[in-house]
Amino acid sequence: SFINFLKLLWHYGLNPLRMSMWVEDILDKFMRIYRYQMHDYAFSSNERLLHALGGNDFTRLLNQTIDEAMQKAGFSQKFINEVVCPAMRVNYAGLPSRVVGFLGFLAGAVSLAGVQSGLWSVKGGNKLVCSGLIYSSKAEVIPATVVITKLFSAGDPVKLYQVTYNTSSGLTGDTYDIVLIAAPLGHRMANINFQNFDPPIPEFPNPYHQTVTTLVHGRLNASFFGYQDPQAFHLGAIFTTNNPKLFFNSLGMVSPVGDIGVAGKLPLQSAIWKVFSKEVLTKEQLNLLFSSYDSVKVKPWLAYPEYSAPEKFPPIVLHEHLYYLNGLERAASAMEMSAIAARNAALLAFHRWHGHSASVDQEDLHEKLKTEL
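Residues numbered from 1 in each chain as written. Predicted model: local features only at pLDDT ≥ 70, side-chain atom pairs only at ≥ 80, totals over all residues. Heavy atoms only, no water.

Participant: Can you explain the packing of aromatic side chains? Please cite residues and give values.
Facilitator: Tallied over the full model, the rule gives 14 aromatic pairs. Measuring from ring centre to ring centre gives 5.6 Å for Trp22 and Phe75, while their planes differ by 65°; the resulting arrangement is edge-to-face. Taken together, the residues Trp22 in helix 2 (residues 15–30) and Phe75 in the loop between helix 5 (66–72) and helix 6 (77–92) connect sequence positions 53 residues apart. The class for Trp22 is buried, based on a relative accessible area of 15%. Plain terms: the ring middles of Tyr161 and Phe197 are 6.2 Å apart, the flat faces sit at 15° to each other, and that makes the pair stacked. Taken together, the residues span a long stretch of sequence, with Tyr161 in strand 2 (residues 159–167) and Phe197 in the loop between strand 5 (193–195) and strand 6 (208–220) at a distance of 36 residues. Note on accessibility: Tyr161 and Phe197 belong to one class, buried. The ring centre of Phe75 lies 4.6 Å from the NZ or CZ of Arg18, which sits over that ring. (Phe/Tyr/Trp six-rings, centres within 6.5 Å; stacked < 30°, edge-to-face > 60°. Helix = DSSP H or I, 4+ residues; strand = E, 2+ residues; numbered from the N terminus. Buried < 20%, exposed > 50% of the residue type's maximum accessible area, 1.4 Å probe, protein only. Lys NZ or Arg CZ within 6 Å of the ring centre and 35° of its normal.)

Participant: Mind laying out the packing of helix 2 against helix 4 (residues 46–59), listing which residues take part and the relevant values?
Facilitator: One can describe the packing of helix 2 onto helix 4 by two numbers: an axis separation of 8 Å at closest approach and a directional angle of 140°. Viewed along their axes, helix 2 and helix 4 adopt a mutual orientation that is oblique. From helix 2, Ile26, Lys29 and Phe30 reach across to helix 4, where they touch Leu50, Leu53, Gly54, Asp57 and Phe58. Partitioning the contact of helix 2 with helix 4 into residue classes produces five nonpolar, one polar and two charged. (Axes fitted to C-alpha atoms, helices over the stretch in contact; angles between N-to-C directions. Parallel < 35°, antiparallel > 145°, perpendicular 65-115°, else oblique. Contact = heavy atoms within 4.5 Å. Nonpolar A, V, L, I, M, F, W, Y, C, P; charged D, E, K, R; others polar.)

Participant: Quick one: what's the story with the pairing of strand 6, residue by residue and with numbers?
Facilitator: Sheet analysis places strand 6 next to strand 10 (residues 290–305), joined by 13 bridges and oriented antiparallel. Its bridge partner lying in strand 10, His217 is registered against Ser295. Two strands pair when backbone bridges link them, and strand 6 and strand 9 (residues 271–277) are joined in this way by seven bridges, in the antiparallel orientation. Within strand 9, the residue paired with Thr213 across the bridge is Phe276. (Pairing = 2+ DSSP bridges.)

Participant: Can you lay out the pattern of salt bridges for me, pointing to particular residues and giving the numbers?
Facilitator: What the rule picks out here adds up to three salt bridges. Ionic pairing is found between Lys29 and Asp25, a salt bridge with its closest N-O pair at 3.8 Å. Remark: Asp25 and Lys29 occur in helix 2; sequence separation between them is four residues, near one turn of the helix. Assessed through its relative accessible area of 41%, Asp25 is described here as partly exposed. A salt bridge links Glu82 to Lys78; the nearest nitrogen and oxygen atoms lie 3.3 Å apart. Pair noted here: Glu82 and Lys78 are both in helix 6, with a separation of four residues, about one helical turn. The exposure class of Glu82 is partly exposed, given its relative accessible area of 35%. (Salt bridge = Lys/Arg side-chain N within 4 Å of Asp/Glu carboxyl O.)

Participant: Any chance you could break down empty space enclosed by the protein for me, citing the residues and the numbers?
Facilitator: Tallied over the full model, the rule gives two cavities of 30 Å³ or more. As a volume, the largest cavity reaches approximately 70 Å³. What lines the largest cavity is simply Pro184, Leu185, Gly186, Phe204, Asn206, Tyr208, Pro305, Pro314, Tyr324, Asn326, Glu329 and Arg330. Considering only residue class, the lining of the largest cavity consists of seven nonpolar, three polar and two charged. (1 Å grid on protein atoms, 1.4 Å probe; cavity = no way out; pocket = protein on both sides within 12 Å on 5 of 7 lines; lining within 4 Å. Points joined across faces, edges and corners; volume = space filled by probe spheres on them.)

Participant: Account for the sheet that holds strand 7 (residues 237–239), naming residues and giving values.
Facilitator: Strand order in the open sheet formed by five strands is 7-8-9-6-10, and the pairing between neighbours is antiparallel. If you trace the sheet from one side to the other, it starts and ends with strand 7 and strand 10, each paired once. If you compare each strand with its neighbour and ignore which way they point, the axes differ by 20° on average. Sheet topology note: the strand 7/strand 8 (residues 250–253) ladder contains three bridges and is antiparallel. Paired with Ala237 across the two strands is Gly252, which belongs to strand 8.

Participant: Please provide a residue-by-residue account of a nonpolar patch on the surface, values included.
Facilitator: A cluster of nonpolar side chains, namely Phe2, Ile3, Phe5, Leu6, Leu9, Leu14, Leu17 and Met21, defines an oily patch on the protein surface of about 840 Å² accessible area. Residue assignment for the nonpolar patch shows that the elements contributing at least two residues are helix 1 (2–12) and helix 2. Inspection of the secondary structure puts Leu17 in helix 2. (Patch = residues over 30% accessible without salt bridge, like charges linked within 9 Å, V, L, I, M, F, W, Y side chains within 5 Å. Areas by Shrake-Rupley, 256 points an atom, 1.4 Å probe, with all protein chains shown as cover.)

Participant: For the nonpolar core, give the residues involved together with the corresponding values.
Facilitator: With 33 residues, the main nonpolar core has Tyr36, Leu53 and Met70 as its most contacted residues. Elements that contribute at least two residues to this core include exactly helix 2, helix 3 (32–38), helix 4, helix 5, helix 6, helix 10 (335–354) and helix 11 (365–372). Ranked by size, the runner-up nonpolar core spans 16 residues in total, among them Tyr161, Leu185, Ile192 and Tyr324. (Core = buried A, V, L, I, M, F, W, Y, C linked by side-chain atoms within 4.5 Å.)

Rendered as structure tokens:
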């Protein structure tokens, strides 16, 4: 580790150390949201939420790429190309020069946080975060696909939402006072038909980026990565820079929590490898990456928004008591962001229903809460 540290200094100077401090400062400010939500504060727009976390320092970055933001912060282009770009490619399949705004600023920070030490994994899989949140909320989950959300009047001024959903036994539905939508309202995404709304509920045009995840049980081809002696190859993860000749974004060994593979023995035994790419890998490409394999599982999925300029957050409040969570995903896409957006929308719906205006869109919360304590 000491030799690696000296190599980092030789190649990038103090950029790695400064990056850790820079990312930590961004995330420290972003973590304020948990304190605000613990005190039941909510925000009626994603812009107001971000401004409450980092003030003008955050909002002025709305039109900057992560590349521009880091250059202004004094990071070298070499460091951005060789360290930041691979982190962006593995986490958001993007380039620092294309990912814009605070959207790029936070997404970039999340990417960089994801390649540093001190990360946690969930034993049993990250899916347990989702099931755990559902369990703790004590929600009744109806396994169905929502197809229609219809506004109708139950006597002035009372308005209700008729939600129609498709279950295994056919179409059914119910009426609700408040509806929260936790699915992207883009083309070919949620496909919810909104009826009787004036003005109509828009379909947000922001496309989502397709990432192809390929899980391979096999042996990595060390020679493809420049190692003639397979026993000298001991890498558990490979990130890539922006090279048009490359057909994959990243490659990493998948290990159960608490059962990390032993360095130096990775290529000598079959392991499960996860490959991220923009397109489905061909058999020829798989044969380049792996000397042998016995099983392959491919999953193309719309993983996160396409981050590009000009950007604008969708509204949280679509109608009087109709709320949209996924707009915050345009800042950074992660399960944690979805949970933050969900809690904000739940608090906002509660306060607006009961007329608690003092708990919505408050400025200087950071100083206010420090003073109260």
